[in-house]
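Structural characterization, general
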Amino acid sequence: MKQRKLRALWAVLVMAIATLLISSQTVLVSARNGATPARGGQKSDRGQRSDHAQKSDEGQMVDQGQKGVHDRLPPPYNPYPPGILPSDLNSEVARVLREIDGIEAEALAQLRALPPPTLTNQPPLLAHTGQRLNVLVGKALNFDRNISPFKDRACAFCHMPYAGFSGPIPSVNLTMVAYPASYPYRAGKRTAQRYTYAPSFPVLNFNATQQAFFGGNFWDSRATGYLLGSPDANQAQGPPVDTQEHALPDTACVAFRLQSAVYKSFFIELWGDDLNAIKFPHNSEEICQTPGGASTFGTDTMPIKLSSTDRAIANHVYDHWGQSLDQYEASPDVSAFSSKFDAFLHDPTNNPLSADEMAGYNLFRGKANCNSCHLDGRSTAPTPPPPQGNAPNSMDTGAPASTAPLFTCFGSANLGLPLNPRDAFYYQTTPDFFGFTANPFGFGYRDLGLGTFLRSGFGTWASPNDDWTPFAPASDGLMQTSSARNVAMTPPKCPTTEAPGPYFQKEFFHNGYIKSLKQLVHFYNTRDVYPFTTITSGHCPAGTTEKVNCWPMAEVKNNEDMTLGMLGLTDTEEDQIVAFLQTLTDGYTRPYPDSAAYTGVCKTGGTAATQGNEFLIPTPTLSPCPAAICGLAPLPTMPIP
């Protein structure tokens, strides 16, 4: 009897010790003494500096949050060799967070000043100010940095207004490509796409006649919109629980954080969700302060244990989160149709394009063939260079078929871009503090874009339609054709993307390989004029200049778009196309909201042709593409190098 009692006591003791060990990792990041921002007088912890900032390997201070949110901070994850992370990363992160807080305060003031809508009608609707309420709730959600484990990442952290709602940190755009997550220095694998006009993309579907996919959001179109009817709303649901972005471990964490949000009453007024009815377990805060992917969660994607009723409410809240963000992005606050080109379409006599802009427009829809994918609402009349053809004019003289063209075909293409060895994702090959490894394949990883999604492969979402899977080999390497609108948007104080400036450094295409619009147009023009099909970035031969007269091999050669690469444009014609692209920037006919929020500095010097080349690094010897990526059925049509 005594032995049985001793064994029972010993088992209880072992279980207690195991429980303490498992929970200790979470406790490290819990807000034991922190006040949560809330309505009704609770103190906000925004804008305060952590007393426990950590020093990174770069010798910089890491400010992951605010005082009161953390008693102890886990050490930052820094698997990167010197020079991958920009030296000013932490000060730039702090700058963007200050800007985000300022716009969030503006959104809250706009919400409070809005006359309340009237609930009426059958079916019920919020009359008078209901639409604006939805837009402003979406704006408040977009700039709320509490929707992350360490309360230091908002959606806007990667998507600020002055950059066309794309990446706001020039040094990140030059170096690590993807933006650091709530837990530094996890980072994703692609550039931050622009929000503007993304709500116009249709639900992803396969067009059997054209044998092509159209629609969806994200570079690989994985936000299909199949459930909400909106790819953009579906896209908004991704970053909060992406392990490399906000990194919340459970979608219910959004409802949990909204329970104490200062704008909670507006969210409830809009959607009617009974947020306060959800009975969250006592450990919900600790769970939500542990980044997704942590080993303590295993494969559990719903670590917050809710009743079926409460989980249903939390799911509705998450759907409404995405829908309000979609309506903000669809509104004139974001997708404004206020560019010089829009004014020209409305009244070309009183709003003419300059000579260079008009020449660029004619090239865009003619010789350069841009209009075959970035549709302007007119027909395209390309003039192929000899020996393909010698069309005599190529000028489109037709009237606009659309007065609000979106400059995209909603499709996808493989442009043959080289692998960019600066992408932070390649280096995240070891477990971080939480036992999570983002990329176990290192430089074996290949970004097959849409093809990987159709196979439900590594680093993407599961496909909701098995009928699409057979089309994966024909989709390898394809990335979404974004709208050309706002591709040139910069803060007013840095009026261009192009050196010598003063300019705001952006990055272009899915892997950030291109650093100026001049380079972008030159790539389209000369990819096949100066091809080096056996070398990788950073290894152009002596006597050549990368991105000028040397284009390294494509990361994915399969399905390469051959309608570009040898356009026969002169240097002047390239510049004229850049001038036209700049006319697609919103804010010409009326001010663009929050475009002046940038408080950083402008860059000057150099030339647009070689902009960013001083940050080129040699690509290491590439590992073979692993079976987990290139060996999934159906196999690629030819081997991926």
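Residues numbered from 1 in each chain as written. Predicted model: local features only at pLDDT ≥ 70, side-chain atom pairs only at ≥ 80, totals over all residues. Heavy atoms only, no water.

Structural notes on the nonpolar core
Short version of the rule: Buried residues of nine kinds, namely Ala, Val, Leu, Ile, Met, Phe, Trp, Tyr and Cys, make up a nonpolar core once their side-chain atoms join them within 4.5 Å. Type-normalised accessible area, obtained with a 1.4 Å probe on protein chains alone, sets the label of each residue: buried when under 20%, exposed when over 50%, and partly exposed for intermediate values. In this text, helices come from DSSP runs of H or I with a minimum length of four residues, and strands from runs of E with a minimum of two, each type numbered from the N-terminal end. Throughout, a contact is declared for two residues whenever any of their heavy atoms are within 4.5 Å.
Core analysis: the biggest nonpolar cluster contains 97 residues, and I100, F157, L258 and Y263 have the highest contact counts within it. The greatest single-element share of this core, amounting to nine residues, is contributed by helix α2 (residues 89-113). Setting aside chain neighbours within four positions, we find Y263 in contact with E104, L108, L111, A140, L141, D144 and L258. Within the second largest apolar cluster, 34 residues are counted, among which are L415, A484, V578 and F580.

What to know about the packing of aromatic side chains
Test applied: Any Phe, Tyr or Trp ring, taking Trp's six-membered ring, that has another such ring centre within 6.5 Å forms a pair; planes under 30 degrees apart are called stacked, those over 60 apart edge-to-face, and the others tilted. Two thresholds decide whether a charge sits over a ring: the Lys NZ or Arg CZ must be within 6 Å of the ring centre and within 35 degrees of the ring normal.
Applying the stated rule across the entire model yields 41 aromatic pairs. When the ring of F341 is compared with that of F580, the centres are 5.6 Å apart and the planes differ by 85°; the resulting orientation is edge-to-face. Placement of the pair is F341 in helix α10 (residues 340-346) and F580 in helix α14 (residues 571-582), with a sequence separation of 239 residues. With respect to burial, F341 and F580 carry one shared label: buried. Between the aromatic rings of F407 and F580, the centroid separation amounts to 6.3 Å while the plane-to-plane angle is 55°, which identifies the pairing as tilted. You can see F407 sitting in the loop between α11 (355-364) and β7 (412-413) and its partner F580 sitting in helix α14, a full 173 residues away along the chain. Judged by relative accessible area, F407 falls into the buried class, the value being 0%. Over the aromatic face of W461 sits the side chain of R222, whose NZ or CZ is 5.3 Å from the ring centroid. The ring of Y513 carries the charged tip of K547 above its face, separated from the ring centre by 4.6 Å.

Brief notes about the pattern of salt bridges
Should the charged atoms of two oppositely charged side chains come close, the side chains can pair. Applied cut-off: Salt bridge, as used here, is a side-chain nitrogen of Lys or Arg placed within 4 Å of a carboxyl oxygen of Asp or Glu.
Taken as a whole, this structure holds 23 salt bridges when the rule is applied. With a shortest N-O distance of 3.0 Å, K518 and D575 are connected by a salt bridge. In this pair, K518 is assigned in helix α13 (residues 517-526) and D575 in helix α14, connecting sequence segments 57 residues apart. E560 is the salt-bridge partner of K557, the closest N and O atoms lying 2.8 Å from each other. Exposure remark for K557: the relative accessible area of 41% places this residue in the partly exposed category. The exposure class of E560 is buried, given its relative accessible area of 12%. A network of salt bridges, in which partner residues are shared, links R190, D220, R222 and D447.

A closer look at the state of the cysteines
Such a bond, covalent and formed between the sulfur atoms of two cysteines, is termed a disulfide. Defined as follows: Throughout, a disulfide means two cysteine sulfur atoms within 2.5 Å of one another.
Tallied over the entire structure, the rule returns four disulfides. A sulfur-sulfur separation of 2.2 Å characterises the disulfide bridge that pairs C253 with C288. Residues C253 and C288 are joined through a disulfide that is left-handed, its torsion about the S-S bond being -95°. Of this pair, C253 sits in helix α6 (residues 252-258) while C288 sits in helix α8 (residues 284-288); the two residues are 35 residues apart in sequence, bridging distant segments of the chain. In terms of burial, C253 and C288 fall into one category: buried. Through a disulfide, C625 is tied to C630; the S-S separation comes to 1.8 Å. As the torsion about the S-S bond is roughly 80°, the C625-C630 disulfide counts as right-handed. One exposure class covers both C625 and C630, and it is buried. Disulfides within the protein link the bonded cysteines, taken in sequence order, as 1-2, 3-6, 4-5, 7-8. Of all cysteine sulfurs in the structure, the one in C155 sits closest to C158, which takes part in no disulfide; the separation is 8.9 Å.

A word on the packing of α2 against helix α3 (residues 130-142)
For any two helices packed against each other, the geometry comes down to the angle between their axes and how far apart the axes lie. Basically, it comes down to this: Note on geometry: axes are C-alpha line fits, over the in-contact stretch for helices, and angles between N-to-C directions span 0 to 180 degrees. Should an angle fall under 35 degrees it is called roughly parallel, over 145 degrees roughly antiparallel, and 65 to 115 degrees roughly perpendicular, with every other angle called oblique. Crossing handedness follows the turn of the near helix against the far one: under a right angle anticlockwise gives a left-handed crossing, and clockwise gives a right-handed one. Residues are sorted three ways: Asp, Glu, Lys and Arg are charged, Ala, Val, Leu, Ile, Met, Phe, Trp, Tyr, Cys and Pro are nonpolar, and all the rest, Gly among them, are polar.
Relative orientation of the contacting elements α2 and α3 amounts to 155°, with a least axis distance of 9 Å. By the angle class used here, α2 and α3 are roughly antiparallel. Note on packing geometry: the crossing formed by α2 with α3 is left-handed. Contacts from I103, E104, E106, A107, Q110 and L111 of α2 reach α3 at L133, L136, V137, K139 and A140. Residue composition of the contact of α2 with α3, grouped by class: seven nonpolar, one polar and three charged.

Comments concerning the environment of F344
By the element assignment, F344 lies in helix α10. By relative accessible area, which is 10% here, F344 ends up buried. Sequence spacing of F344 and T583 is 239 residues, and the spatial spacing of their C-alpha atoms is 9.4 Å. Ignoring anything within four residues of it in the chain, the contact list for F344 reads N351, P352, L353, M358 and Y361.

Some thoughts on the side chain of Q244
Defined as follows: Here a polar contact means two N or O atoms within 3.5 Å. Within protein one must be a hydrogen donor candidate and the other an acceptor candidate, and residues neighboring in sequence count only if both atoms are side-chain atoms.
Positionally, Q244 belongs in the loop between α5 (231-236) and α6. Within the structure, the side chain of Q244 is placed 2.6 Å from the backbone oxygen of A187, a separation counted as a polar contact. For Q244, the side chain forms a polar contact with the side chain of Q428, separated by 2.9 Å. When neighbours within four sequence positions are excluded, Q244 is seen to be in contact with Y179, A181, R186, A187, G188, Q428, F436 and A438.

Some remarks on unusual backbone geometry
Note that the residue after Q122, namely P123, is joined by a cis bond; omega there is 10°. Position of P123 relative to the elements: it lies in the loop between β3 (118-120) and β4 (125-127). Look at the link from A633 to P634: it is a cis peptide, with omega at -5°. Relative to the helices and strands, P634 resides in the segment after α15 (627-630). At N486, a residue that is not glycine, the phi angle is positive and equals roughly 65°. Even without being glycine, N559 reaches a positive phi, approximately 65°. One can find N559 in the loop between β10 (551-552) and α14.

Notes on the confidence of the model for the protein
Our working definition: On a scale of 0 to 100, pLDDT captures the predictor's confidence in every residue.
This prediction gives the protein a mean pLDDT of 89; 85% of its residues lie at or above 70. Confidence over residues 1-71 falls short of pLDDT 50; this stretch has 129 contacts with residues more than four positions distant or in other chains. Low pLDDT, under 50, characterises residues 386-393; the stretch is placed with five contacts to residues that sit more than four places away or in other chains.

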